[in-house]
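# Descriptive analysis of the structure
Listed below, chain by chain, are the residues.
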Amino acid sequence: MSAVRSAALLGIVALLSAATVTLAGPLGAAPGCAQVIQGTAGTWTVRSAPAFPAGDPVLVGHAVDSRQPLRQYATNGVSVLATDDGCAWAETFRLPEAPSPELPASSVTDRILEVVVHPRAQGRIWLVVAVGQTVAERLRFNRIGPSFPLSPAADENRDGTQTLVLSSTDAGASWTAMSGPPLPGAPGRLAPAPTSPGVLYLPTFSGLWGSFDGGRTWTPRPPAATAPGQGQRPLDAVTAPTTNRVTVDPTAASTLYGHNNTSVRTSDDGGVTWSAYPTPPGGFTSGPFVDRGLSAERRMVFARHPDSTSPIESLWFFRSATGAFEAVPVEPDTIAGVPWRAVWHPARDELVMATWDRNSAAGFPEVSLYRLDSRGTVEEINELDLPPVWGLDVDDYGTYHLHTSSEIVSLQTSAVAGAAGLDQGQPQIEMDPFSYQPPPPPLPATLSGPAAVELDPGETTTLTWTLDLPRRPTPLDTYFLIDTSNSFEPDIQALADGMADVVRSLTDAGIDAHVGIGELGTREARRYTRFADIAPPGTELQRGFERLRTGGGYESHLIALHQTATGSGVEGTSGPAVAPGQDPTWRTDSLRTLVVITDVQYIDEDDPEAPSRREVYDALAARDVRAIGLEVVREGGDDGVPGSYAAVEAADAASTTAPTPARADLEELAGATGSFAPPGGVDCRNNGTTEIGAGDPMVCTTTAVQAARISTLADVLTRVLLAQVDERPVALSARGDVTVTPVSPDGWRHQSVDVKRNQTLTFTAEVSCDDSQAGRALPLGVDALVGEEGIASATTQVQCGPAVPASAVAAGGEPAAAEPAPAPVAADPATAPPPTGPQAALAPPVVPPVVPVPVGGTATAPGSAPGTAPGNAPGTAPGTTPGTAGAPAAGAATALSPGGAAQAAPAGAVAGQHQEDSPALAHASLQMTGRHREPATTPPWTLLAAGVLSAAAAGRLRALRTRPIPRTARSRNR
């Protein structure tokens, strides 16, 4: 990479880090409790099922949060456990021993059969419970699989089973049971609508049921042919369900796919009416298995058998081009068993399928695990010789998750040679892979203050604490919304080429950066697509760049911005439809930054499906997303202003910006979302000029020469990111029985501290004790917090008046009367013996200094006496000469002198806050105000005077501590 490009990349990082925002990434490193096995099919990670606190030791159900794969749930039918790291499990729900009106289920007879996590709505989870007298018994003794008591083969027992659904909207912290009685009939698989978390479908042996309020209430879809309860049994005269498997289309909540053993059907009205896909008559079907992803090509497959006891004879793949299924013959015994679960890889033409024996070991003596593609290629991949698989799923990063009755297994498959991805053809944008290492944790903060202070009851003293706060940047989530109109290919390629340098610069600045990519598309091609969700930079980022395609010329700014904020989807009446659920997944406690890269102003305001500007800005602000603008100006004036390239260059030389329509819209966007330049402004192009003044909207202009395919886009991005201000409140909190009244800052809280830079903060407070605490040593604990996170602490011992010796306490706890001190006897000069020789001067009494002990153990500066600042005589503060009344050093015991309230402050403390910039930030040309202190100089002749005065002060201090001070000589603040 050229030196010019490298310098420009540093500029981009600066802008991102100056911003003032939990999706976990791919399963990466295996949990510590797991065994990792490298196989032919890929990398396997195997963990034992968790130990359940109640119920049988068998894993009945397992679910994975597809966007945060380490967040998983497991159940044995009685207890539900959750984990956030794949190893440590905690119980989040348990069936009660006895049913109640609020929860009509019992751990004695009933069982949880399924845990379902919504694929896109964070925190939405459901439990499906089979309620019946024989459910628990059948699960315990058959041990064939969780579906056994519910399958068509269990026909003799299904009439006595009912279905109960519980829901949680807070990731399992609390649960709500459905209103009304359980649904009649044993449950099938719950199917949530990916685009609408409140829409659910559930087939039971009484028919298909739908819920449109998240599982609270349910209605039949359509009503059962025979109403339950009209005969002697709950399902008397109902011979078979109309639909026993349902899948919801990933883009439309009312479009369903299902089958009833003999045919595959679809419904466009939420299951009220159905139509069958044309297939040969007779036979037995399993499936359909529908891709829940958002690819333009709808991926579905079902298997066909001659009858219910024969092997698969063909696989039927849906072809989007024809809107129909196409049969691919399968050789006999290629696939053992009946397809039970099957899921599609989110980015490859790959399907993993698990089979079962359909409760007929004679008909299907073997079951296994297979990998397929849409051409009908089949490969058995059960190289671990796993027992029958009870559950199978895939997360958004392409890791498969399966479980048996005793193990949880994940598989990251290796790409098959020659296998096609979802996007065919040579990538238009190429990005070299690069390694990413998160930054090390921040250095510990230290809080220092007086180690001890002595007060008289009722006295008030002012104390000072100093917090040394090393930089601790908030995690940064950056989502790039990139214009993909025809002219942008060189700019996108430049960004891809420089992304490794951008990420590296952020990491060097201590910033934990996650990145995602979205398309600001056009009305002719695609209006908006999320190509890579926010995650640690790696394979998904590379794949996202390679999926970008340029085309068209009428950008959909407002639609793309609104979909980035909401993920609500666009129906497509005036242009291409946008599938819902494509908003980026921001981490909970991150700085949320949207970088909008474009070369024209908003041009879709006349689109009937476009939201208003205000709707866009409000949606972004509601999600605490700050928008940064990167305007690309081309030599040919592509932004609609002839000659603007020369105007930008001239304005940049004058440390200003050139007005263009695109810049005006981007500045409006940045201002509406609270994205402004920090103090000192921003040098966007690293050429020594400050284009964005302090407090101006965060918008940088880059230039491009189309003919030469040269772009400075990547050169600016780093500076833009690093220039963001990461401000958080920093406060102190006191513990103990001492009365503490904060003085400075207000409320003992610095409201806006840029935590991306090293800081030194001071805090002062008035401290006092009362008469009831007289004679006691009171510990005062002080804690420092950034936001709600505790980062450091310190302790000051407060002596409330002279300590009362234990011997001076009379019976009953009252102090004994003190014996009068003997009067000093003056020596009689006449009788005193004469001196026998020269008399040596008496050594002054030595009072050991009290050294402060800040958290982290700060040592005394070399060449300084304990308790003194470097370059000062013992007992003096910086900048004072011996003999003057300077503030005691940090940690020195402070006593009230007659006639004044005691004061104590750490040596060298400076009121307010002091910033220390890192080299990366200094290189970003942020103009920060520094402080310079000249060292104090002490004339040599003062040292002797200092020694005399120190001795006198030490003697006075000892006297004060060994005899009462007359109350008339003390100042008192009540």
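Residues numbered from 1 in each chain as written. Predicted model: local features only at pLDDT ≥ 70, side-chain atom pairs only at ≥ 80, totals over all residues. Heavy atoms only, no water.

## What about the overall build of the protein chain?
Heads up, the rule is: Working definition: helices are DSSP H or I runs of at least four residues, strands are E runs of at least two. Numbering for both runs from the N terminus. Per-residue and other accessible areas were derived by the Shrake-Rupley procedure at a 1.4 Å probe size, with only the shown protein chains allowed to occlude residues.
Counting its regular elements, the protein chain contains 12 helices and 48 strands. As displayed, the protein chain offers around 41,200 Å² of accessible surface, 54% of which is attributable to carbon and sulfur atoms.

## A word on the nonpolar core
Nonpolar side chains tend toward joint burial in soluble globular proteins. Convention followed: Only buried residues count toward a nonpolar core. Its members are Ala, Val, Leu, Ile, Met, Phe, Trp, Tyr and Cys residues joined through side-chain atoms within 4.5 Å. A simple rule labels every residue: compare its accessible area, found with a 1.4 Å probe on the protein chains alone, to the largest value its type can have, and call it buried under 20%, exposed over 50%, or partly exposed in between. Throughout, a contact is declared for two residues whenever any of their heavy atoms are within 4.5 Å.
Counting residues in each nonpolar core, the largest one holds 41 residues, and the members touching the most others are I482, M499, L506, L541, F545, L548 and I597. When contributions to this core are tallied by element, the ones reaching two or more residues are β34 (476–483), α3 (489–508), β35 (513–520), β36 (528–535), α4 (539–547), β37 (591–598), β38 (625–634) and α10 (719–722). Element by element, the count of residues in this core is highest for α3, at 8 residues. Not counting chain neighbours up to four residues away, the residues in contact with F545 comprise I429, M431, I482, I492, L495, A496, M499 and I517.

## Notes on the environment of E380
Condition: N or O atoms within 3.5 Å of each other form a polar contact, as long as, within protein, one can give a hydrogen and the other can take it, and as long as residues adjacent in sequence are counted only when both atoms are side-chain atoms.
Note on placement: E380 falls in strand β27 (residues 378–380). A C-alpha to C-alpha distance of 8.1 Å links E380 and I335, two positions 45 residues apart in sequence. Among all residues touching E380, those that are not within four sequence positions of it are S368, L369 and Y370. Only 2.6 Å separates the side chain of E380 from the side chain of S368, close enough to count as a polar contact.

## Brief notes about the sheet that holds strand β13 (residues 196–204)
This is how the line gets drawn: In this description, strands pair whenever DSSP reports at least two bridges between them.
What the 4 strands build is an open sheet, ordered β12-β13-β14-β15; its pairing is antiparallel. Of all strands in the sheet, those with a lone pairing partner are β12 (191–193) and β15 (219–220), marking the two edges. Here strand β14 (residues 207–211) pairs with β15 via 2 bridges, running antiparallel. Following the sheet pairing, W209 is matched in β15 by P220.

## As for the state of the cysteines
Stated precisely, the cut-off is as follows: By convention in this document, the label disulfide applies to cysteine sulfur atom pairs within 2.5 Å.
Throughout the structure, instances matching the rule amount to 1 disulfide. At a sulfur-sulfur separation of 2.1 Å, the disulfide partner of C769 is C800. Between C769 and C800 the disulfide shows an S-S torsion of about 90 degrees. By sign, it is right-handed. Of this pair, C769 sits in the loop between β44 (758–768) and β45 (777–786) while C800 sits in strand β46 (residues 789–800), and the two are 31 residues apart along the sequence. Neither residue differs from the other here; C769 and C800 are each classed as buried.

## Some remarks on the pairing of β13
In terms of strand pairing, β12 meets β13 through 3 bridges, oriented antiparallel. Along β13, the bridge assignment pairs P192 with L200. Hairpin connection from β12 to β13: 2 residues lie between these consecutive antiparallel strands. Here β13 pairs with β14 via 5 bridges, running antiparallel. Residue pairing across strands places T204 opposite G207, the latter belonging to β14. The loop that links β13 with its antiparallel partner β14 comprises 2 residues.

## Section: the sheet that holds strand β32 (residues 452–455)
The cut-off we apply is this: Lines fitted to the C-alpha atoms define the axes, with helices restricted to the stretch that makes contact. Angles between their N-to-C directions range from 0 to 180 degrees.
Sheet architecture is open: 5 strands sit in the order β32-β46-β45-β41-β43, paired in mixed fashion. Because the sheet does not close on itself, it has two edges, and the strands there are β32 and β43 (749–754). Taken over all neighbouring pairs, the strand axes of this sheet differ in orientation by 25 degrees on average, direction set aside. Bridge analysis of strand β41 (residues 727–735) against β43 gives 4 bridges, and the strand direction is antiparallel. Bridged to A731 within β43 is R749.

## Side note on the side chain of D754
Note on placement: D754 falls in strand β43. Among the polar contacts made by the side chain of D754, one reaches the main-chain amide nitrogen of K756 at a distance of 3.2 Å.

## Brief notes about the packing of aromatic side chains
Worth spelling out the cut-off: Planes of paired rings set the category: under 30 degrees apart is stacked, over 60 is edge-to-face and the rest tilted, where pairs are Phe, Tyr or Trp rings (Trp by its six-membered ring) whose centres lie within 6.5 Å. Two limits define a charge over a ring: the Lys NZ or Arg CZ must be within 6 Å of the ring centre, and within 35 degrees of the ring normal.
Evaluation of the coordinates by the stated rule reveals 10 aromatic pairs. Aromatic side chains Y201 and F212 sit 6.3 Å apart centroid to centroid with 90 degrees between the ring planes, which places their arrangement in the edge-to-face category. Of the two residues, Y201 sits in strand β13 while F212 sits in the loop between β14 and β15, which places them 11 residues apart along the sequence. Ring centres of F302 and F325 lie 5.0 Å apart, and the angle between their planes is 65 degrees; this geometry places the pair in the edge-to-face category. Here F302, found in strand β21 (residues 300–305), pairs with F325, found in strand β23 (residues 324–329); they are 23 residues apart in sequence, far enough to count as distant. Like F325, F302 is buried. Here the aromatic residues Y277, F302, W316, F318 and F325 are joined through ring pairs into a cluster of three or more. Taking the ring centre of W340 as reference, the NZ or CZ of R341 above it sits at 4.1 Å.

## Looking at the confidence of the model for the protein chain
Inclusion rule: A residue's pLDDT is the predictor's confidence in that residue, given on a scale from 0 to 100.
Considering every residue of the protein chain, the mean pLDDT works out to 74; 68% of them sit at 70 or more. Across residues 224–241, where pLDDT falls below 50, the model places 24 contacts with residues more than four positions away in sequence or in other chains. Of the regions scoring below 50 in pLDDT, residues 705–711 engages in 15 contacts with residues more than four places distant in sequence or in other chains.

## A few points about the packing of helix α6 (residues 613–622) against helix α8 (residues 661–672)
Definition in use: Orientation labels follow simple angle bins: below 35 degrees gives roughly parallel, above 145 gives roughly antiparallel, 65 to 115 gives roughly perpendicular, and whatever is left gives oblique. Left-handed describes a crossing whose near helix is turned anticlockwise from the far helix through less than a right angle; right-handed describes the clockwise counterpart. For this classification, Asp, Glu, Lys and Arg are treated as charged, while Ala, Val, Leu, Ile, Met, Phe, Trp, Tyr, Cys and Pro are nonpolar and the rest, including Gly, are polar.
Two elements in contact, α6 and α8, have axes separated by 9 Å at closest approach and are oriented at 40 degrees. Classified by the angle their axes make, α6 and α8 are oblique. For the element pair α6 and α8, the recorded crossing hand is right-handed. Contacts between α6 and α8 involve R613, Y617 and L620 on the former and, on the latter, D665, E668, L669 and A672. Looking at side-chain class alone, the contact of α6 with α8 contains 4 nonpolar, no polar and 3 charged residues.

## A short note on the pattern of salt bridges
Let me state the cut-off plainly: Salt bridges are defined as contacts in which a side-chain nitrogen from Lys or Arg sits within 4 Å of a carboxyl oxygen from Asp or Glu.
Counted according to the given criterion, the structure contains 27 salt bridges. Measuring nitrogen to oxygen at the nearest pair gives 3.0 Å for the salt bridge that ties E789 to R472. One end of the pair, E789, is in strand β46; the other, R472, is in the loop between β33 (460–469) and β34, and 317 residues separate them in sequence. For E789, a relative accessible area of 38% corresponds to the partly exposed category. Between E519 and R526 there is a salt bridge, with the nearest N and O atoms lying 3.3 Å from each other. Taking the relative accessible area as the measure of exposure, E519 reaches 2% and is therefore buried. One salt-bridge network, held together by shared partners, links R348, E350, R371 and E379.

## As for the environment of W126
Structurally, W126 is set in strand β8 (residues 125–131). A C-alpha to C-alpha distance of 6.3 Å links W126 and S168, two positions 42 residues apart in sequence. Among the polar contacts listed, one links the side chain of W126 to the backbone oxygen of G214, at a separation of 2.8 Å.

## Let's talk about the packing of helix α5 (residues 557–566) against α6
Orientation of α5 relative to α6, taken along the N-to-C sense of each, is 25 degrees, at an axis distance of 9 Å. When the axis of α5 is compared with that of α6, the two are roughly parallel. Like other packed secondary-structure pairs, α5 and α6 cross with a definite hand, here left-handed. Touching L558, L561, H562, A565 and T566 of α5 are R613, E615, V616, A619 and L620, all from α6.

## Here's the deal with α8
Condition: Multiplying one less than the number of residues by 1.5 Å gives the expected span of a helix. The arc under discussion is defined with respect to the helix axis, by the directions toward the C-beta atoms.
For α8, with 12 residues, the first-to-last C-alpha span of 17 Å sits near the 16 Å given by 1.5 Å per residue. For α8, the complete set of buried residues consists of A662, R663, D665, L666, L669 and A670. The buried side chains of α8 occupy one side of the element, clustering within an arc of 165 degrees when seen end-on. Once α8 finishes, G674 follows within two positions and takes phi at roughly 75 degrees, a positive value.

## Thoughts on unusual backbone geometry
Of note, the bond from G287 into P288 is cis; its omega dihedral lies within 30 degrees of zero at 0 degrees. Relative to the assigned elements, P288 resides in strand β20 (residues 284–290). For W748, which is not a glycine, the phi torsion comes out positive at approximately 60 degrees. Among the structural elements, W748 can be located in the loop between β42 (739–744) and β43.

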